[in-house]
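What follows is each chain in one-letter form.
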Amino acid sequence: MFPQLLQRIEKQFSEGKPLVAYRKPGQQNVNAIFQSDGLLNYCKDFEETGFIFAPFDDSEPVILLKPDEVHKADFVESEQQGDQSSKSAVIYPPIDPSEKNFHLQLVAKAIEEIKQGTFKKVVLSRRILSPIQGTPLQLFLKLLKTYPLAFCYMWYHPKVGLWLGATPEELVRIRNKEIRTMSLAGTQPYTGDPNPHWGEKEKEEQKMVTDYITNAIQGMVSQLKISKTESVQAGGLMHLRTIIEGRLEQLDIKKLLEEVHPTPAVGGLPKKDAYEFIKANENYDREYYTGYLGELNFKEETSRSSNRRNIENRAYRSIHTKTDLYVNLRSMQIIGQKASIYVGGGITKDSVPEQEWEETVNKASTMLKVIQNRS
């Protein structure tokens, strides 16, 4: 039952023990994983089983939360959540003139570097500090209520900290050797039109990400399928999305992630040049923002027959390995009674600094609507 699951999450958190609670896009059930000790474990070869939490910097280690206890329950909205509607008013962060000026100059500098041929695209981000209203568990519940089509999570380790988020972007999904990934780029506010007009800047940005991912996995995947690009809604924003599918020749998750992460949707293109610009010019450490997180090598039982009346159906059940990883977007880190909210946007030769600033403002409203108790 969901209330009992919440009590168990609260107990684990109050005892200062590692945990993650999460719900996948479009699903009803909330999963919770508890590690029995406070050790900080890392992935070595990505053949381990557990919930992983990776930083933006791919030279830093990937945290592995061991599934000593695994629980699941269907999400049930409480009466206290009744006024936390996803249709609540958009909340914008207060504008700090010096912060805005810094970001505008940073975007202008990136555009100049692009024109000089240093790189084709770079994703620039910023951090917004804001007080929170409510406990971490209450914030997590509001994420679940507000963003049913996002990957919503609450992750905690006493030696790392507390993170929450609602990300719309799947990095990679693997079932045995069947792989699915996506390119998600281009942003505009949702105005009620499911198929809005997209400018050349957004279309070019989306194509860069699609081409990069396709080329990155080309030699590792057969039967490659690339979908048509479509508009998708993520909370109060719209994005362009392309689905990429295929079959892995070898199940080498470590190599796959080294090729794919960070994608141009969170870093830039070429990867190395854009990364160096980010590290040299962004005035803060992203830590786990624009990293990735999710299930690594979980076991899943499936039935090969849809005939449930067949008493012998149990003999046709099979166990396969699954990995579901998501890009850590629309996320925040909680420290005491304040949240660090992270937002960013892709910069290309057609970018306009003022518009790029407005994009970060729009994206910030996703988390601000959660941490501020407004209906």
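Residues numbered from 1 in each chain as written. Predicted model: local features only at pLDDT ≥ 70, side-chain atom pairs only at ≥ 80, totals over all residues. Heavy atoms only, no water.

Along the backbone of the protein there are 7 helices and 18 strands. Taken over C-alpha atoms, the radius of gyration comes to 21 Å for the protein, in line with the 21 Å a tight globule of 375 residues would show. Expressed as lengths along the three principal axes of its C-alpha atoms, the size of the protein is roughly 65 × 50 × 45 Å. Relative to its full complement of 375 residues, the protein shows a buried share of 53%. Considering only intrachain contacts with a sequence separation of at least 6, the fraction spanning at least 24 residues in the protein is 74%. (Helix = DSSP H or I, 4+ residues; strand = E, 2+ residues; numbered from the N terminus. Rg over C-alpha atoms; globule rule 2.2 N^0.38 Å. Buried < 20%, exposed > 50% of the residue type's maximum accessible area, 1.4 Å probe, protein only. Contact = heavy atoms within 4.5 Å.)

As a further point, take the sheet that holds strand S1 (residues 19–23). Taken together, 9 strands build an open sheet; the order of strands is S5-S2-S1-S7-S8-S17-S18-S6-S14 and the sheet is antiparallel. Two strands in the sheet have a free side with no partner beyond their single neighbour: strand S5 (69–74) and strand S14 (268–269). Both strand S17 (residues 331–335) and strand S18 (residues 338–347) contribute to a ladder of 4 bridges, which runs antiparallel. Bridge pairing links Ile 335 to Lys 338 in S18. Across the sheet, helix H4 (residues 200–217) is in contact with strand S6 (121–131), S14 and S18; its angle to S6 comes to roughly 105°. (Pairing = 2+ DSSP bridges. Axes fitted to C-alpha atoms, helices over the stretch in contact; angles between N-to-C directions.)

The next point concerns the confidence of the model for the protein. With 91% of its residues at a pLDDT of at least 70, the protein reaches an overall mean of 90. Predicted confidence for residues 79–87 stays below pLDDT 50, and this span has 12 contacts to residues more than four positions away or in other chains. (pLDDT = per-residue confidence, 0-100.)

Attention now moves to the packing of helix H3 (residues 136–146) against helix H7 (residues 353–371). Where H3 meets H7, the axes come as close as 9 Å, and the angle between the chain directions of the two elements is 125°. By the angle class used here, H3 and H7 are oblique. The element H3 and its partner H7 pack so that their crossing is right-handed. For the pair formed by H3 and H7, the contact residues are Leu 139, Lys 142, Leu 143 and Thr 146 on the first element and Met 367, Lys 369, Val 370 and Ile 371 on the second. Grouping the amino acids of the contact of H3 with H7 by side-chain chemistry returns 5 nonpolar, 1 polar and 2 charged. (Parallel < 35°, antiparallel > 145°, perpendicular 65-115°, else oblique. Left-handed = near helix turned anticlockwise from the far one by under 90°. Nonpolar A, V, L, I, M, F, W, Y, C, P; charged D, E, K, R; others polar.)

Let us now look at unusual backbone geometry. Put simply, His 261 and Pro 262 share a cis peptide bond, and its omega is -10°. Mapping Pro 262 onto the fold places it in the loop between helix H5 (253–260) and S14. Look at the link from Leu 269 to Pro 270: it is a cis peptide, with omega at -5°. Within the element layout of this structure, Pro 270 appears in the loop between S14 and helix H6 (271–281). One non-glycine residue with positive phi stands out, namely Gln 223, at about 55°. The residue Gln 223 is located in strand S11 (residues 221–226) in this model. With relative accessibility at 58%, the residue Gln 223 sits in the exposed group. In this structure, Thr 290 takes a positive phi of about 65° despite not being glycine. Mapping Thr 290 onto the fold places it in the loop between H6 and strand S15 (292–303). On the basis of relative accessible area, Thr 290 is assigned to the buried category, the value being 1%.

A few words on the packing of aromatic side chains. Across all of its chains, the model carries 16 aromatic pairs by this definition. Taking the ring centre of Phe 34 as reference, the NZ or CZ of Arg 8 above it sits at 4.4 Å. Geometry around Trp 357 places Arg 126 over its ring, the cationic atom sitting 3.9 Å from the centre. (Phe/Tyr/Trp six-rings, centres within 6.5 Å; stacked < 30°, edge-to-face > 60°. Lys NZ or Arg CZ within 6 Å of the ring centre and 35° of its normal.)

For the structure on display, the rule yields 26 salt bridges. Residues Asp 57 and Lys 279 are paired through a salt bridge, measuring 4.0 Å at the closest nitrogen-oxygen approach. Here the residue Asp 57 occupies a position in the loop between strand S3 (50–54) and strand S4 (63–65), and Lys 279 occupies one in helix H6, the gap between them amounting to 222 residues. Judged by its relative accessible area of 12%, Asp 57 falls in the buried class. Measuring nitrogen to oxygen at the nearest pair gives 3.0 Å for the salt bridge that ties Glu 354 to Lys 100. Linking Glu 354 in helix H7 with Lys 100 in helix H2 (residues 97–115), this pair joins segments that are 254 residues apart in sequence. Under the relative-accessibility criterion, Glu 354 is labelled partly exposed at 35%. With relative accessibility at 21%, the residue Lys 100 sits in the partly exposed group. Salt bridges sharing partners connect three or more residues here, namely Lys 24, Arg 175, Glu 295, Glu 300, Lys 322 and Asp 324. (Salt bridge = Lys/Arg side-chain N within 4 Å of Asp/Glu carboxyl O.)

Bringing the environment of Leu 106 into the picture now. Position of Leu 106 relative to the elements: it lies in helix H2. For Leu 106, a relative accessible area of 5% gives the class buried. Measuring from C-alpha to C-alpha, the distance between Leu 106 and Lys 142 comes to 34 Å, with 36 residues separating the pair along the chain. Apart from residues lying up to four places away in sequence, Leu 106 is in contact with Leu 124, Phe 277, Asn 281 and Glu 282.

To continue, consider the nonpolar core. Across soluble globular proteins, you tend to see nonpolar side chains buried next to one another. Phe 46, Phe 51, Ile 52, Trp 155 and Tyr 292 are the most contacted members of the largest nonpolar core, which totals 51 residues. Ranked by residue count, the leading element in this core is H4, at 6 residues. In contact with Phe 46, not counting residues within four places along its chain, are Ile 52, Val 62, Ile 253, Lys 254, Leu 257, Tyr 292, Leu 296 and Asn 297. Core analysis: the next-biggest nonpolar cluster, separate from the first, contains 37 residues, Leu 6, Ala 32, Phe 75 and Tyr 147 among them. (Core = buried A, V, L, I, M, F, W, Y, C linked by side-chain atoms within 4.5 Å.)

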